[in-house]
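Examining the three-dimensional arrangement
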Amino acid sequence: MEGVIKRYPVGDSEIEVLHGVSLRIEVGEFVAIIGPSGSGKTTLMNILGLMDSPTEGRFELNGRDVSRLKPDERAEARGRLFGFIFQRYNLLTTQTAVENVELPGSYIGMPAAKRRERALALLQEIGLGHRVENRPTQLSGGEQQRVAVSRALMNGGGIILADEPTGALDTVRGSELMARIHGLHRAGHTVILITHDPGIAAEAPRVIRIVDGKIISDEPSDQRKVLPSPTGGESETPVQPVLPTPEKRRRLILLADLMEALRMANHALRANLFRTFLTMLGVIIGVASVVTMLSIGEGSQQSMMRSMSRMGTNILRIEPGAKTSLSGGNLTLQDVAAISDLSHILHVVPRVWSMQMLRYRDKTYSCSVVAASPNYSEAENRLIVRGGFFTENDNARCAPVVVLGMKACLELFGSSVDPIGKYILLNNAPFMVVGVVTVRGGSGDGRDREDDVAIIPLATGEARIFRSNRLSQIGVQVDEYKNVDLVQDEIRSRLNRLRQQEDFRIFNQAAMIEATKHAQDTFRFLLGAVASVSLVVGGIGVMNIMLVNVVERTREIGVRMACGARSRDIQLQFLAEAVLVCLLGGLLGVALGAILSCVIVVGDTKPVLTLGPILLSFAAAFITGVLFGFLPARKASKLDPVVALSSE
Ligand code: ADP
Ligand code: MG
């Protein structure tokens, strides 16, 4: 480097830390840089190690100007060329020894298996083969520094940058480490050792003295002779630093990167299980409430549709009377005949009704008596509970038979008497009870309104009760709900042709169904929206914790960057953590929501769990993770390596 100046902004002004440093270090050299505290040694090392760039001056590495490299290029070069050894070891406390050693490998795309193999071999070599699964806190200082040296060698460590590596070690461990560094030098590594201890510096063949940001001397050490001179066999050719060419950089986030980020995220999350769980809790509650609320909505809609279809979603009713005037025409069996051959029609059921008094022995009861054609029970969805329904034959011979609705039956006979074959008086004429019916899908206990009825054959009714051929209503059962409008139009035109005027009205349930559906959809939307709020709150919780996480792990981020992590590696890692928390929370939330959907009963509707809300809330959890993880991840990735590394 030549004339390297480094200034740091302090407040409004700047301070100059390095005042024009020029030096040249050859491949395979062992250089000690010595100087008092605050003289700029670490600053110089950061520039040498591509952690920082000079404010002014030239810096060439292997013939290439590297003073203006982009952050990602610097990161890539750091990972491939340099091995950092720090005074305070800077191992990641959440990772085991072997994982710490592996770390730089993950940032240059070394396959996981190869990485593990190499890391284990490196640890074996320094006699830590039995401690590979230990965390840094379970290792002594000397052992931690040995792990750190292995980490520096993970990607080759062509240039070893050691910043006061013996500073925190006792004399014995210190000289062991120095022996190791000498070994590395002999093996061909370029070693740049920073120290303020003249004794340590003197071990290096070349010593550069720096005071107040200036080199004051640069000369060979005179104590070279006290060290064992390198034996021929140990010496290797120097490890030539070759800068990675920009083309080799991967631009896309590869699947491998993603897997790596997820693996690390998994690790980080497990390191603090309780906090992870608390973070997740917000997402769990959010997702569970979305799933449960939507299930309740679905359940209520389904039960609504059930009762709607019991009332007949595919049924048209034709009644006499014009829209404009109350005095209306009559409907007769002639009209029934006119429309019964239309397509899409399952049943046409003419009927007449009025309130009548029923009597059995001394019990009287009044209810609606319906005279209808024998297909009534099918068309109106009645379930025969006892006996049978009257037949075409009964109708043809005007038989005095009656089918009771459940409620009417209970009122007259109570629950202990079998009504079949008994006679009741209807309009003072005896009718034999042939069957009991209830609403299909109804409660079946005689409480349904439609069960408060007595049904007799149409012809019997005309002849014996109503004494008229006027129909109260013609019910038309259409094959499918979607054909209702079509059939309605056809009926209208047929009847208009037959009657010359529109003195009848046709009702269908479509409008009501649409209105109900609409109300239900609004209800569901509201439920979902309320539940989503808790998901958003959960997401904010995730963001909050992730931001704290970034602050707490600033040093870790610095170490990772020193090991070659590009800012997008850091970003991906933190994002992966947020997404993983949210996905896991999503899974647990779905499980909780499913359980709640099974046990909760609101009124008489049971929630119905469908795939839709599950997928929806799961996707929402994922998106929450990405959205709320993005900001912290970005913050982490924008950290300056030097600042991050020097943070407490
Ligand atoms: P050494 O490693 O020799 O003890 P450093 O290189 O760490 O010294 O620091 C040299 C000087 O630069 C110190 O006075 C320090 O306060 C200052 N310095 C280092 N980093 C920064 C920074 N990021 N901002 C402002 N001043 C800094
Ligand atoms: Mg320092």
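The next point concerns the overall build of the chain. Scanning the chain from N- to C-terminus turns up 20 helices and 21 strands. If one aligns the C-alpha atoms of the chain with their principal axes, the spans along those axes are about 135 × 55 × 45 Å. Per-residue burial over the chain gives 51% buried out of 648 residues. When the accessible surface of the chain is totalled, it reaches about 30000 Å², and 57% of it is carbon and sulfur. Separation between the mean location of the 71 positive side-chain charges and that of the 67 negative ones in the chain comes to 3 Å.

Within the open sheet, the 6 strands sit side by side as S7-S8-S9-S3-S10-S11. Their pairing is mixed. If you trace the sheet from one side to the other, it starts and ends with strand S7 (82-86) and strand S11 (214-220), each paired once. Averaged over all pairs of adjacent strands, the angle between strand axes in this sheet comes to 15°, irrespective of strand direction. In this structure, S7 lies alongside strand S8 (residues 159-163), joined through 5 bridges in parallel fashion. By the bridge assignment, phenylalanine 84 is partnered in S8 with leucine 161.

Okay, the nonpolar core next. Core analysis: the biggest nonpolar cluster contains 66 residues, and Met1, Ile33 and Leu44 have the highest contact counts within it. Per element, the largest residue contribution to this core is 10 residues, and it comes from helix H18 (residues 567-599). Taken domain by domain, the makeup of this core includes at least three residues from each of domain 1 (2-247) and domain 2 (273-305 + 515-646). Residues in contact with methionine 1, not counting those within four places in the same chain, are Val21, Ser22, Leu23, Leu44, Ile47, Leu48, Arg58 and Phe59. Judged by nonpolar contacts, the second largest core, of 43 residues, contains Cys367, Phe413, Ile491 and Phe504.

What follows covers the domain arrangement of the chain. Taken as a whole, the chain is organised into domain 1 (2-247), domain 2 (273-305 + 515-646) and domain 3 (330-502). Computed over C-alpha atoms only, the centres of domain 1 and domain 2 are separated by 42 Å. Taken together, the contact pairs 18 residues of domain 1 with 17 residues of domain 2. Summed over both partners, the interface of domain 1 with domain 2 comes to about 1600 Å²; 58% of that surface belongs to carbon and sulfur atoms. Of all residues in domain 1, the largest losses of buried area upon contact with domain 2 belong to Met51, Asn90 and Tyr107, amounting jointly to 37% of the total for that side. Inspection of the region where domain 1 meets domain 2 yields 1 salt bridge. The partner of glutamate 76 in a salt bridge is arginine 566, with the nearest N and O atoms 3.9 Å apart. Where domain 1 packs against domain 2, one counts 3 residue pairs in polar contact (both at pLDDT 80 or more). Of all elements in the fold, only helix H2 (71-81), S7 and helix H3 (97-106) reach the threshold of two or more residues within the side of domain 1 that touches domain 2. It is H2 that provides the largest number of residues to the side of domain 1 that touches domain 2, a total of 5 residues.

Thresholds applied
Residues numbered from 1 in each chain as written. Chains lettered and ligands numbered in written order. Predicted model: local features only at pLDDT ≥ 70, side-chain atom pairs only at ≥ 80, totals over all residues. Heavy atoms only, no water. Helix = DSSP H or I, 4+ residues; strand = E, 2+ residues; numbered from the N terminus. Buried < 20%, exposed > 50% of the residue type's maximum accessible area, 1.4 Å probe, protein only. Areas by Shrake-Rupley, 256 points an atom, 1.4 Å probe, with all protein chains shown as cover. Lys, Arg positive; Asp, Glu negative; His and termini not counted. Charge placed at Lys NZ, Arg CZ, Asp CG, Glu CD. Pairing = 2+ DSSP bridges. Axes fitted to C-alpha atoms, helices over the stretch in contact; angles between N-to-C directions. Core = buried A, V, L, I, M, F, W, Y, C linked by side-chain atoms within 4.5 Å. Domains from an automatic or database assignment. Contact = heavy atoms within 4.5 Å. Buried area = accessible area lost by both parts, 1.4 Å probe. Salt bridge = Lys/Arg side-chain N within 4 Å of Asp/Glu carboxyl O. Polar contact = N/O pair within 3.5 Å; in protein donor to acceptor, adjacent residues only side chain to side chain.

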